[in-house]
Amino acid sequence: MASSSSPNARKSNSWVYDVFLSFRGEDTRNNFTDHLYTALSSAGIRTFRDSEGLGKGEDIAASLMRAIQESRFYLIVFSDKYADSKWCLNELMLIMDCSDRTAIESGLQDGLQELIIPIFYLVDPSDVRRQTGSFGAAFQKHGVTYLASCWRATLQRAANLSGWDVKTDQSEADIIRNIVDDISGRLNNTYLHVAVYPVGIDSRVQDIIGNSLGVGLDDDVRMVGIWGMSGSGKTSLAKAIYNKLFHSFEGKSFLANVRETAYKSNGMINLQEKLLSDILKPTKVEVREADRGVIVIHERLKSKKVLVIVDDVDEIDQLYALAIRHNSFGPGSRIIITTRDRHLLEIIKVDAIHLTGQMKEHEALELFSWSAFHNAHPDSKFLKVSTKICTYCRGLPLAIEVLGSLLFQSTVSQFEDMLHKLKECPNDKIQKILRISFDALDRNQKAIFLHISCFFIGMDKNYVKKILEGCGLFAETDISVLFKRCLVIVNEKNKLMMHDLLRDMGREVVRAESYEDPEERSRLWCRKEVINVLTEESGTKKIEGLALNLQRSNKKSFRTKTFTNMQRLKLLQLNYVKLTGDYHHLSKKLSWLCWHGLSLKFIGNEFLYQGNLVSMDLRYSNLVRVWEHPRVLEKLKILNLSHSHYLTQSPDVAKLPNLEYFIMKDCRSLSEIHPSIGDVKRLALVNFKDCQKLKDLPRSFYKLKFMETLVLSGCSRFETLVGDIGDMTSLTTLAVTGTAISRVPSYIGRLKNLNFSSVQGLVRLKQRFPEVPKNYFPSQDYTSLRYVNMDNSIVHELPELSGLSLLERPCFNNCTNLPASGDLATRSKELELDHCTALEIYPNSSKVSSKSIMQGWTASGDGGICLPANDFPGRFAYVRESDQVFFQVPQYIGPNLKAFTICVLCSSFLDEDISPSGISIFVTNYTKLIMLAVRPTHRNEITSHEVIWRSEENGSQSGPSHVSSVEDRPSKRLTSVMQEQPMSPQNNSSTETHGHKQNPKSSQRFCLPKMNCKWRWCRLSACWASG
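What counts and what doesn't
- Residues numbered from 1 in each chain as written.
- Predicted model: local features only at pLDDT ≥ 70, side-chain atom pairs only at ≥ 80, totals over all residues.
- Heavy atoms only, no water.
- Helix = DSSP H or I, 4+ residues; strand = E, 2+ residues; numbered from the N terminus.
- Contact = heavy atoms within 4.5 Å.
- Areas by Shrake-Rupley, 256 points an atom, 1.4 Å probe, with all protein chains shown as cover.
- Buried < 20%, exposed > 50% of the residue type's maximum accessible area, 1.4 Å probe, protein only.
- Core = buried A, V, L, I, M, F, W, Y, C linked by side-chain atoms within 4.5 Å.
- Pairing = 2+ DSSP bridges.
- Axes fitted to C-alpha atoms, helices over the stretch in contact; angles between N-to-C directions.
- Polar contact = N/O pair within 3.5 Å; in protein donor to acceptor, adjacent residues only side chain to side chain.
- Salt bridge = Lys/Arg side-chain N within 4 Å of Asp/Glu carboxyl O.
- Phe/Tyr/Trp six-rings, centres within 6.5 Å; stacked < 30°, edge-to-face > 60°.
- Lys NZ or Arg CZ within 6 Å of the ring centre and 35° of its normal.
- Parallel < 35°, antiparallel > 145°, perpendicular 65-115°, else oblique.
- Left-handed = near helix turned anticlockwise from the far one by under 90°.
- pLDDT = per-residue confidence, 0-100.
- Nonpolar A, V, L, I, M, F, W, Y, C, P; charged D, E, K, R; others polar.

## Quick look at the overall build of the chain
Next up, step 1: Within the chain one finds 29 helices and 34 strands.
Next up, step 2: Of the contacts formed within the chain by residues at least 6 apart in sequence, a portion of 64% connects residues at least 24 apart.
Next up, step 3: On the chain, roughly 44,500 Å² of surface is accessible, and the fraction owed to carbon and sulfur atoms is 48%.

## Thoughts on the environment of Glu719
Next up, step 1: Secondary-structure assignment places Glu719 in the loop between strand 23 (709–711) and strand 24 (733–735).
Next up, step 2: Overall, Glu719 belongs to the partly exposed group, its relative accessible area being 47%.
Next up, step 3: Along the primary structure Glu719 and Lys695 are separated by 24 residues, whereas in three dimensions their C-alpha atoms are 5.8 Å apart.
Next up, step 4: The residues touching Glu719, leaving out its near neighbours within four places in the chain, are Lys695, Ala740, Ile741 and Ser742.

## Thoughts on the nonpolar core
Next up, step 1: Counting 74 residues, the largest nonpolar core has Leu546, Ile603, Phe662, Phe688 and Phe701 as the members making the most contacts within it.
Next up, step 2: When residues of this core are traced back to their parent elements, those giving at least two are helix 26 (527–536), strand 14 (545–549), strand 16 (571–575) and strand 17 (577–580).
Next up, step 3: If we skip the residues at most four places from it in the chain, Ile603 touches Leu598, Leu608, Met616, Leu618, Leu623, Arg625, Val626, Trp627 and Glu628.

## Some words on the sheet that holds strand 8 (residues 306–313)
Next up, step 1: Ordered by their spatial adjacency, 5 strands build an open sheet running 7-8-9-6-10, and the pairing between neighbours is parallel. At either margin of the open sheet sits one strand with a lone partner, and together these are strand 7 (251–255) and strand 10 (352–355). When the angles between neighbouring strand axes are averaged without regard to direction, this sheet yields 15°.
Next up, step 2: Where strand 6 (residues 222–227) meets strand 9 (residues 334–339), 6 bridges bridge the pair, whose relative direction is parallel. Looking at strand 9, one finds that Gly225 is bridged to Ile337.
Next up, step 3: Along the sheet, helix 10 (residues 201–213) contacts strand 6, strand 9 and strand 10; its crossing angle with strand 6, the most-contacted strand, is approximately 145°.
Next up, step 4: Together, strand 7 and strand 8 form the strand contacts of helix 13 (residues 267–279), whose direction differs from that of strand 7 by roughly 150°.

## With respect to the environment of Leu694
Next up, step 1: Examined against the element boundaries, Leu694 turns out to sit in the loop between strand 22 (685–687) and strand 23.
Next up, step 2: In this structure, Leu694 is in contact with Leu670, Ser671, Glu672, Ile673, Phe688, Cys715, Arg717 and Phe718, ignoring residues within four places of it in sequence.

## Examining the sheet that holds strand 5 (residues 164–166)
Consider a sheet: its strands pair through backbone hydrogen bonds, and that pairing is either parallel or antiparallel.
Next up, step 1: Reading across the sheet, the 5 strands line up as 2-1-3-4-5 and stay open at both edges, with parallel pairing between neighbours. Both edges of this open sheet fall to strand 2 (47–49) and strand 5, since each of them pairs with a single strand only. Ignoring strand direction, the axes of neighbouring strands in this sheet form an average angle of 20°.
Next up, step 2: Pairing between strand 1 (residues 17–22) and strand 3 (residues 71–78): 5 bridges, direction parallel. Its bridge partner lying in strand 3, Leu21 is registered against Leu75.

## Some remarks on the pairing of strand 17
Next up, step 1: Here strand 17 shows one buried face, formed by Val577 and Leu579, and one open face, formed by Lys578 and Thr580.
Next up, step 2: Pairing between strand 15 (residues 556–559) and strand 17: 4 bridges, direction parallel. For Ser557, the partnering residue across the bridge sits in strand 17 and is Lys578.

## Digging into unusual backbone geometry
Next up, step 1: One non-glycine residue, Ala323, lies in the positive phi region at around 55°.
Next up, step 2: Within the secondary structure layout, Ala323 lies in the loop between helix 15 (316–321) and strand 9.
Next up, step 3: In this structure, His374 takes a positive phi of about 60° despite not being glycine.
Next up, step 4: The exposure class of His374 is partly exposed, given its relative accessible area of 43%.

## Here we look at helix 23 (residues 461–470)
Next up, step 1: Among the residues of helix 23, Tyr463, Val464, Lys465, Lys466, Ile467 and Leu468 are the ones counted as buried.
Next up, step 2: The N-capping residue of helix 23, defined by a side-chain oxygen 2.9 Å from the backbone nitrogen of Asn462, is Asp460.
Next up, step 3: Just past helix 23, the residue Gly472 takes up positive phi, approximately 85°.

## Remarks on the pattern of salt bridges
Next up, step 1: This structure, assessed with the given rule, holds 29 salt bridges.
Next up, step 2: Among the salt bridges present, the one from Asp18 reaches Arg46, with a minimum N-O distance of 2.9 Å. Residue Asp18 is located in strand 1, and its partner Arg46 is located in the loop between helix 2 (32–42) and strand 2; the two are separated by 28 residues in the primary sequence.
Next up, step 3: Take Asp18: its relative accessible area is 4%, and that puts it in the buried class.
Next up, step 4: Given a relative accessible area of 40%, Arg46 falls into the partly exposed group.
Next up, step 5: Arg204 is the partner of Glu363 in a salt bridge, and the nearest nitrogen-oxygen pair spans 3.0 Å.

## Things to note about the side chain of Ser371
Next up, step 1: Tracing the chain through its elements places Ser371 in helix 17 (residues 361–373).
Next up, step 2: Discounting chain neighbours no more than four positions away, the residues touching Ser371 are Tyr197, Glu401, Gly404, Ser405 and Phe408.

## Quick look at the side chain of Ser99
Next up, step 1: Secondary-structure assignment places Ser99 in helix 4 (residues 86–106).
Next up, step 2: In contact with Ser99, other than residues within four places in its own chain, are Tyr74, Leu112, Leu115 and Ile116.

## Some words on the packing of aromatic side chains
Next up, step 1: Counted according to the given criterion, the structure contains 22 aromatic pairs.
Next up, step 2: Ring plane angle 55° and centroid distance 5.0 Å describe the contact between Phe373 and Phe382, whose orientation is recorded as tilted.
Next up, step 3: Here the aromatic residues Tyr17, Phe20, Phe48 and Tyr74 are joined through ring pairs into a cluster of three or more.
Next up, step 4: The lysine or arginine in question, Arg49, covers the ring of Tyr37, its NZ or CZ lying 3.8 Å from the ring centre.
Next up, step 5: Here the guanidinium or amino end of Lys601 rests over the ring plane of Tyr646, the centre of that ring lying 5.9 Å away.

## Here's the deal with the packing of helix 10 against helix 11 (residues 234–245)
Next up, step 1: Taken N-terminus to C-terminus, the directions of helix 10 and helix 11 make an angle of 65°; their axes are 10 Å apart at the nearest point. The orientation of helix 10 relative to helix 11 falls into the category roughly perpendicular. Considering only the axes of helix 10 and helix 11, their crossing is right-handed. Together, Ile201, Arg204, Val205, Gln206, Ile208, Ile209 and Leu213 of helix 10 and Ser236, Leu237, Ala240, Ile241, Lys244 and Leu245 of helix 11 make up the contact between the two elements.

## A closer look at the pairing of strand 10
Next up, step 1: Residue alternation in strand 10 divides its side chains into a buried set, Ala352 and His354, and an unburied set, Ile353 and Leu355.
Next up, step 2: Here 4 bridges tie strand 6 to strand 10, and the two strands are oriented parallel to one another. Note that in strand 10 the partner of Gly225 across the bridge is Ile353.

## A look at the confidence of the model for the chain
Low pLDDT marks regions whose predicted coordinates should not be analysed in detail.
Next up, step 1: Confidence along the chain averages 75 in pLDDT terms, with 68% of residues attaining 70 or more.
Next up, step 2: Note that pLDDT drops below 50 for residues 821–826; the model gives that stretch 20 contacts with residues more than four away or on any other chain.
Next up, step 3: Confidence over residues 936–1027 falls short of pLDDT 50; this stretch has 349 contacts with residues more than four positions distant or in other chains.

## Some details on the packing of helix 17 against helix 19 (residues 397–406)
Next up, step 1: It is at 7 Å that the axes of helix 17 and helix 19 come closest, and there the two elements cross at 35°. The interaxial crossing formed by helix 17 with helix 19 has right-handed handedness. The residues of helix 19 that touch helix 17, namely those facing Ala364, Leu367, Phe368, Ser371 and Ala372, are Pro397, Ile400, Glu401, Leu403, Gly404 and Ser405.
Next up, step 2: Here the contact of helix 17 with helix 19 is composed, by residue class, of 7 nonpolar, 3 polar and 1 charged.

## A short note on the environment of Met96
Next up, step 1: Along the chain, Met96 falls in helix 4.
Next up, step 2: Sequence separation of Met96 and Thr154 is 58 residues, and the distance between their C-alpha atoms is 7.4 Å.
Next up, step 3: In this structure Met96 touches Leu112, Ile116, Thr154, Arg157 and Ala158, once residues within four positions along its chain are discounted.

Written as structure tokens, this is what we have:
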């Protein structure tokens, strides 16, 4: 089911910034906002800090709009003089517009609340909302204009959103910490995928929320049931409700596939622990026993306002085990249960029951049209036959999507043939409808579908793909076909999922091979039937796959001889089964062996003659050592020994040349990793999570060039990551939380592919051990290095950088032990040495000639240098002292001007308001009606008056053009981030502005508004195309 369009959600890889931080610099730049920005950055959150919207050498409107569009969330700091700034008000309008579009395109139910977080810094939210107080005074100045009315409406919308209220009597540090945690939580929250085409869901969501849930209206605990047949959209509806509401609760948990999970080993315990851990994050809760888990849930959650969704329940014991009742959760909690059995909902006395029912005719036709034509409506020639097919499906969303996908890109005659084929089936049961899509598959695709439906639902797609390829199937291509035809689903965690109806249809296909004699079927999974076949030793060569999944408490024993006749057996699962006898009876064609609770102390040689084995899953085994004498297992790619509590050493894996996934989670006695691990060149994932006795990894491990994931979380005695880890350049995930690591190697900075969560984990390590420098200066030769940040580092001298010819910006701010500096000024565009209290000598600037400024820095269109006021170059002519400076390009330069250099001499006035905004210059070309902004430096502290100088030399011809004409971008977007009133070209006293009035003169005129900076001179470059 879904809306009347097919929204494409914003993809995470399109976000350049996690947060766009908008604020009034005059109010908060030197205090709250600066502290907030630092905290966000320290947490690994990529933050765009708008400095009154000015980008270095870029067009204001385009650069600002791009930054807003490329940000995932928006923090708006409303302060006392926020409304005084037209810039801030225009920026807020852009943010609101972008959020509205994102909400529509992404299908977010409440986009503004989910994307925008207002912060009311020492202002009353009602003043922002109603434009009273200081906000009212600001609008008195703005007057009554159409733009002002837009600003008012925007402020009202923004102030109505839930946010943070910062008062004078509160700890700003605590509030900032809470904001960072909020943003981190949102970044780590993944919205649940509802449906590819969620037609009709919105109205049903609103119906349940409005009529039954009443979130925020009162503090009672409400339980609501969603009841309907398989394939009617119960889970999709529950996910959509979850996405809309979870921000409003203290904790939330979506328990998916409860029925299926409950029947697995320790299934209910796992569900209990997931419920507790989801809500009590980051605390991980273990209950060990289901009876104890009920008590823990009640005690830990009874005071918390939570949103809990229990999906696909089929037994009342499942609800009892999860303590699903009104008194288990705190005031304001909402509990939603989806089930096919109404009686369960009546037993636990839910407050309301909603029947999913059938789709309306127009909804069914729209959903079918999206699936079959990728359009909201079918073409006229397809309308009649499409309507007939939808009628046959009787409003069941799953059947509509399956048939629509099957008919994608088909002709009208093929549609008619399909309709005739459907009518030939007298029974209108859903399985027969779904069987039609199965019949359309080729032999290879059918085999894969049946394997998944019988054995692999809920397993990682990549694992299953490798297992099936070991069976001689083309898994990569054909799983994609099954996915496109809605026969399988790959969920957010890359697990292969399948709707119950499809699963049952697939299993019915297998049963039909021999209803009377299970041993004559290709696949066996039914517990009773499998036990009978193994007990009677009646297996045949027709059996390709067999699964017996017992509980630890229900172990059974069989003779290995029972497998003698199953010589085509490729897939074998024997959880908590004991085999007696010689293992040579097992099929040599095995590709997948899943044997949880293996009772052997070690694997004997006769067991290892399995040349086709791809995956060996031996979790919860009693192994003391894995094997005595390792044998070559050429095809083995997955080895899982997790929860094998008696293993003290990892196995010798030297004879597993193609091993890719090596998992040993929770091997509590594991203290040593066999050095042969470094010989397995294809290893991509290693997981030693919760191996509490493990202290280090062998040196050979760090030679693995293709390693992508290394998990060490919970290895509480693990102490050291050696420097060689910097050579593991393919590493994307490094999980080290809960370890004893006290030092992060500097070479970790070479791992450029680490993801957000890994970086965040390393940041937390640095916070835990403050002696670890926040920045590292590399000792290797980085000839292509352009930027070095050693802020706050413990360095005693500037390093030798002579070999770094491309270095543009070295930063050594707050290096309090730095006594002297090297000769960097002639090499770099910017050199930062703020607060280097031990620094005695400034960099030698005697070599910084006007020629080097013009030819070196200006040619790049970027850069700058800061020097003492008595040390600036002398080849600059005085223009005037003022907040605004106007001048014309000399006539002899005319249209040939490409770039120019400005020297600004700033003297501090401590009695003025402190503002850290960078030196900012608006340049307006009245001939071309172009405006741009330049800002070469960002760290400033004291508001000052300036002296503007003009270079005596001509502009460099090599300077690139940084500005497009007004015609290259929408004028509405341009004006929305600039000032309202145009500046008259004849009025040299006008302040920061832009104009559209044509200037008949051929020369260019420039407006340079007031600049805020601390004492120092800066070079700025502005380039444009004239003539």
